[in-house]
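Summary of structural features
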Amino acid sequence: MNSYEEKFQHAITNTFFANLPADEQAFIKQKAFAYRFSHQELKQIIDIARDLEMWDECSLADIFPEHPTKKVAFSKLKQAYETIRNTPNSYENFTLKNVPKEQKFTFKTEAKEGFGLGLCPVASEKTRCCNLLTLDAVESCGFDCSYCSIQSFYNQNTITFDANFKEKLLNLELDPHKTYHIGTGQASDSLMFGNREGVLDALFDFARKYPNVILEFKTKSDNVKYLLENDVPKNILCTWSLNTPTIIENEEHLTASLEKRLAAARKVADKGVKVGFHFHPIVEYVGYLDEYQKVYEQLLVQFDPQEVALVSFGTLTFIKPVIKQLRQREFHTKITQIPHEDASGKTSYPLETKIEMFSHAYKSFQPWHKEVFFYLCMEPHELWEKTFGYNYATNNNFEHAMLESYCKKLGQPYFI
């Protein structure tokens, strides 16, 4: 083995080279030997090839420039790649690959240490945050959304229940003279597993014990059977994460369709339970504003603002482990095909794009502005002013405004 062969084999170790088709591997190896690419250059080239395949775009060979100088060839290759990434996505000719047709997972019930109640895992002073408390009633999710960060923390195929969840929940000591906002939809979907292992029984009992707790169930399912068959404590909010049919069909695999989510929300609202809607992530693609507009209009027609406690907006935000996890999967997605700019230590859309998507969304809900609480999730302070025309000085101020609004909508006192 010659010296560069050894360097090449070392360079492709711990990369996605083995995940590439055989012809792509052969092409990269040929170009590597011709140009003597460095370890870091090879890693970037392999990542580019992997992204293009994942995005269902052209191949690396299609955009590789023929130039005798390595520096120029590598620079032009990166420019061609960035052009593709910065061009608004189109799902017109996008084909799904290796998308599961049904939910396949195993259930596990075990005694776990700790309780899983804590601050929202993305809470930060760098972004305007509502100080939500999260409760990991279940770990991992049976849905398969392309962008979901849960897959980087848990085994996606194993759904874990805490054998002592009910006991721990009832033994939790909370201040009865303070209003709490607790969400159960961060480590899993709040409703897709229904009352399996008595989870919803325990949560309903907890809500009755602590009427000063606003307990939020967040879901992409239409599994509301338990809510319809039982008396729902008035301090429970049931919220749906919504998206356009294009994103649901191509990126939110195994989730309920938009129509089914809205029908489920309508049934719950008809029972008198307050509902809410999260547009997170709003995704930019060709024609996205018009398609989101149709979804916003559906809500305005199908729901009365008195039934709705909240509407939130957010968008794609990535950390490196999630991008790495996505590149390891053998599937097609456009989710990472965005211009990645720094977003408080993560990556997301440029500020101009966010202003466009959030301002458009908020203006679309103009009839609800005075009766429904609107907010941005995990976004920088300056975006609030540009979206809503106002901002909160601190996260605590944001939290107080949110809880006061929710309590008013739920008809219960607000304790600071």
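A short tour of the structure in this document, coming up. Treat the numbers as computed from the prediction; the structure is a model and nothing was measured.

Thresholds applied
Residues numbered from 1 in each chain as written. Predicted model: local features only at pLDDT ≥ 70, side-chain atom pairs only at ≥ 80, totals over all residues. Heavy atoms only, no water. Helix = DSSP H or I, 4+ residues; strand = E, 2+ residues; numbered from the N terminus. Rg over C-alpha atoms; globule rule 2.2 N^0.38 Å. Buried < 20%, exposed > 50% of the residue type's maximum accessible area, 1.4 Å probe, protein only. Contact = heavy atoms within 4.5 Å. Areas by Shrake-Rupley, 256 points an atom, 1.4 Å probe, with all protein chains shown as cover. Lys, Arg positive; Asp, Glu negative; His and termini not counted. Charge placed at Lys NZ, Arg CZ, Asp CG, Glu CD. Pairing = 2+ DSSP bridges. Axes fitted to C-alpha atoms, helices over the stretch in contact; angles between N-to-C directions. Core = buried A, V, L, I, M, F, W, Y, C linked by side-chain atoms within 4.5 Å. Disulfide = S-S within 2.5 Å. Right-handed = clockwise from strand over helix to strand, strands pointing away. Salt bridge = Lys/Arg side-chain N within 4 Å of Asp/Glu carboxyl O. Arc of directions from axis to C-beta.

Looking now at the overall build of the protein chain. Tallying secondary structure elements over the protein chain gives 15 helices and 16 strands in all. Radius of gyration (C-alpha) of the protein chain: 24 Å, near the 22 Å computed for a compact globule of 416 residues. With respect to the principal axes defined by its C-alpha atoms, the protein chain has extents near 75 × 50 × 35 Å. Expressed as a percentage of its 416 residues, the buried residues of the protein chain come to 54%. Of the contacts formed within the protein chain by residues at least 6 apart in sequence, a portion of 75% connects residues at least 24 apart. Total accessible area computed for the protein chain in this model is approximately 18,600 Å², and 50% of it derives from carbon and sulfur atoms. With 47 positive and 55 negative side-chain charges, the protein chain shows a separation of 2 Å between the mean positions of the two kinds.

Right, let's get into the sheet that holds strand 7 (residues 180–183). Sheet architecture is open: eight strands sit in the order 2-3-7-8-9-11-12-16, paired in mixed fashion. The open sheet terminates on both sides in strands that have one partner only, identified here as strand 2 (117–119) and strand 16 (373–376). Each strand of the sheet is rotated relative to its neighbour by a mean of 25°, with strand direction disregarded. Pairing analysis gives two bridges linking strand 3 (residues 133–135) to strand 7, with the strands arranged parallel. Pairing of leucine 133 across the sheet is with isoleucine 182, part of strand 7. On the sheet, helix 13 (residues 351–364) packs against strand 11 (275–282), strand 12 (308–315) and strand 16 and is oriented at approximately 165° with respect to strand 12. Sitting on the sheet, helix 15 (residues 395–410) touches strand 7, strand 8 (213–219), strand 9 (236–241), strand 12 and strand 16, and the angle it makes with strand 16 is about 150°.

What follows covers the nonpolar core. If you look at the biggest cluster of nonpolar residues, it comprises 130 residues, and the most contacted ones within it are Leu203, Trp240, Phe277, Phe279, Ile282, Phe303 and Phe313. If we ignore the near neighbours within four places in the chain, the residues touching phenylalanine 303 are Leu262, Ala265, Arg266, Ala269, Val275, Phe277, Val308 and Trp368.

Moving on to the sheet that holds strand 14 (residues 341–343). Strand order in this open sheet of three strands is 13-15-14, and the pairing throughout is antiparallel. Looking at strand neighbours, the two that pair on one side only are strand 13 (317–318) and strand 14, the edges of this open sheet. By the bridge criterion, two bridges tie strand 13 to strand 15 (residues 346–348) in an arrangement that is antiparallel. Bridge pairing in strand 15 links threonine 317 to serine 348.

Overall, the coordinates contain zero disulfides when judged by the stated rule. With no disulfide of its own, cysteine 141 lies 6.2 Å from the sulfur of cysteine 148, the closest cysteine sulfur.

Here we come to the pairing of strand 11. For strand 11, a buried count of eight out of eight residues is recorded, marking the element as mostly surrounded by other parts of the structure. Relative to strand 11, strand 9 runs parallel, the two sharing four bridges. Of the residues in strand 11, the one forming a bridge with cysteine 238 is valine 275. Strand direction decides the pairing type here: strand 11 and strand 12, joined by six bridges, are parallel. Bridge pairing in strand 12 links phenylalanine 277 to valine 311. With respect to chirality, the unit in which strand 11 leads through helix 11 (residues 288–302) into the neighbouring parallel strand 12 is right-handed.

What follows is about the pattern of salt bridges. Side-chain pairs of opposite charge can arise whenever the charged atoms involved come near each other. All told, the structure shown has 22 salt bridges when counted by the stated rule. A salt bridge links arginine 50 to glutamate 330, with the shortest nitrogen-to-oxygen separation between them at 3.3 Å. Of this pair, arginine 50 sits in helix 3 (residues 39–54) while glutamate 330 is found in the loop between helix 12 (320–328) and strand 14, placing the two residues 280 residues apart along the sequence. For arginine 50, a relative accessible area of 0% gives the class buried. Among the ionic pairs, glutamate 229 bridges to lysine 225, the shortest N-O distance being 3.1 Å. Taken together, the residues span about one helical turn, with glutamate 229 and lysine 225 both in helix 8 (residues 225–229) at a distance of four residues. For the pair formed by glutamate 229 and lysine 225, the shared burial category is exposed. It is possible to trace a salt-bridge network through shared partners that takes in Lys43, Asp47, Asp51 and Arg327.

Turning to helix 1 (residues 3–11), its buried residues number three or more, namely Tyr4, Glu5, Phe8 and Ala11. Projected down its long axis, helix 1 carries its buried residues within an arc of 130°, all on one side. Exposed and facing more than 90 degrees away from the buried side of helix 1 are Ser3 and His10. Those residues of helix 1 hidden inside the fold are in contact with helix 2 (22–35) and helix 3.

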